[in-house]
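Listed here are the chains, written in short residue letters.
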Amino acid sequence: MAVTLGERVKDRREKLKLSQGYVADQIGVSRQAVSKWETGQSEPTAENLVRLAEVFETSLAELVGAGKNGGGETGTQNSPAPQKPNLILRANLIKMAITAQVAFLFNSTSVMWQLRQPGVENEALYRGELAVSLVLLLCSSVWMASNHRWEADMARRRRNTRIELSYCCAQLCAAFLTVRFGLGLAGAVLMIAAACVYVLYVNPRFMGRKLTK
């Protein structure tokens with residue numbers, strides 16, 4: 001007897017010990033929607049299927065039963081239980097990378113502003129601090145980019161990369177304005193506000209990342 005998509009979704013969810021509410025929260029639907037998928041009353045959209053595969057740490061082909069075993073019982077019984085993805089840890093790592101980047105960017109901006117001042121003392125010390133800060137800024141930016149590896153859908157990964165590049169360009173513009181016009185604390189507030197909008201609104205609304213409750 002062929003295994004339905006709903007049965008595969010339910011089987012995978014139970015193997016990972018995930019609740020319907022948790023899965024629904026990660027995908028952005030109601031718990032009732034997940035329940036209907038599992039009972040066969042409705043089917044998830046193509047986008048929701050991709051998100052289900054990401055939450056279940058499996059390929060889209062395996063989830064829909066297009067693999068070698070077709071999602072049958074024999075393949076399910078013989079395969080080892082998959083490891084439960086730590087989505088909370090992933091979200092925290094993404095937020096930490098964003099926070100680190102904006103912190104090192106503002107520090108670099110502050111040092112550059114100091115170097116622009118006439119008759120600055122300890123210029124060599126400031127230049128050394130700037131070099132270290134720029135290296136840390138580069139490392140945090142690479143860290144941010146590396147977090148895209150968790151996105152199984154390549155189309156979404158490319159889209160999210162473009163969005164993140166746009167965010168980084170916006171932060172660079174804020175840094176330029178801070179140095180150019182000596183905004184000081186106002187520049188810090190501007191960068192922090194941009195980071196908050198990125199974490200609280202842009203990520204969940206346009207990038208499919210739930211970084212907050």
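Residues numbered from 1 in each chain as written. Predicted model: local features only at pLDDT ≥ 70, side-chain atom pairs only at ≥ 80, totals over all residues. Heavy atoms only, no water.

**Details of the overall build of the chain**
- In terms of helices and strands, the chain carries 10 helices and 0 strands.
- Reading the secondary structure of the chain in the N-to-C direction produces α-α-α-α-α-α-α-α-α-α.
- Expressed as a percentage of the 213 residues in the chain, the buried residues total 34%.
- Sequence-distant contacts in the chain: of pairs separated by 6 or more residues, those separated by 24 or more amount to 67%.
- Carbon and sulfur atoms make up 61% of the accessible area of the chain, which amounts to about 12600 Å² in all. (Helix = DSSP H or I, 4+ residues; strand = E, 2+ residues; numbered from the N terminus. Buried < 20%, exposed > 50% of the residue type's maximum accessible area, 1.4 Å probe, protein only. Contact = heavy atoms within 4.5 Å. Areas by Shrake-Rupley, 256 points an atom, 1.4 Å probe, with all protein chains shown as cover.)

**Considering a nonpolar patch on the surface**
- Judged by side-chain polarity, Phe-176, Leu-177, Phe-181, Leu-183 and Leu-190 come together as a nonpolar surface patch covering roughly 480 Å² of accessible area.
- Top element by residues in the nonpolar patch is helix 9 (residues 154-181). It accounts for 3 residues.
- The partly exposed category is assigned to Leu-183, whose relative accessible area is 34%. (Patch = residues over 30% accessible without salt bridge, like charges linked within 9 Å, V, L, I, M, F, W, Y side chains within 5 Å. Salt bridge = Lys/Arg side-chain N within 4 Å of Asp/Glu carboxyl O.)

**Quick notes on the packing of helix 2 (residues 20-27) against helix 3 (residues 31-39)**
- Direction vectors running N to C along helix 2 and helix 3 enclose 110°, while the axes themselves pass 8 Å from each other. Our classification of the angle between helix 2 and helix 3 gives roughly perpendicular. Only Arg-31, Val-34, Ser-35, Trp-37 and Glu-38 of helix 3 make contact with helix 2, whose side of the interface consists of Gln-20, Gly-21, Val-23, Ala-24 and Ile-27.
- Residue composition of the contact of helix 2 with helix 3, by class: 5 nonpolar, 3 polar and 2 charged. (Axes fitted to C-alpha atoms, helices over the stretch in contact; angles between N-to-C directions. Parallel < 35°, antiparallel > 145°, perpendicular 65-115°, else oblique. Nonpolar A, V, L, I, M, F, W, Y, C, P; charged D, E, K, R; others polar.)

**Notes on the pattern of salt bridges**
- For the coordinates displayed, the defined rule picks out 7 salt bridges.
- Here Arg-90 and Glu-57 are joined by a salt bridge, their closest N and O atoms 2.4 Å apart. Taken together, the positions of Arg-90 in helix 7 (residues 87-116) and Glu-57 in the loop between helix 4 (46-55) and helix 5 (60-64) put the pair 33 residues apart, joining distant regions of the chain.
- The partner of Glu-164 in a salt bridge is Arg-209, and the shortest N-O contact between them spans 3.9 Å. In this pair, Glu-164 is assigned in helix 9 and Arg-209 in the segment after helix 10 (185-206), connecting sequence segments 45 residues apart.
- A residue is classified by how much of its surface remains accessible, and Glu-164, at 7% relative accessible area, is buried.

**Describing the environment of Glu-7**
- Here Glu-7 is to be found in helix 1 (residues 5-15).
- Separated by 33 residues in the primary sequence, Glu-7 and Gly-40 place their C-alpha atoms 8.1 Å from one another.
- Sequence-distant contacts of Glu-7, that is, excluding residues within four places in its chain, are made with Ala-2 and Glu-38.
- Of the polar contacts made by the side chain of Glu-7, one reaches the backbone nitrogen of Thr-4; its length is 3.0 Å. (Polar contact = N/O pair within 3.5 Å; in protein donor to acceptor, adjacent residues only side chain to side chain.)

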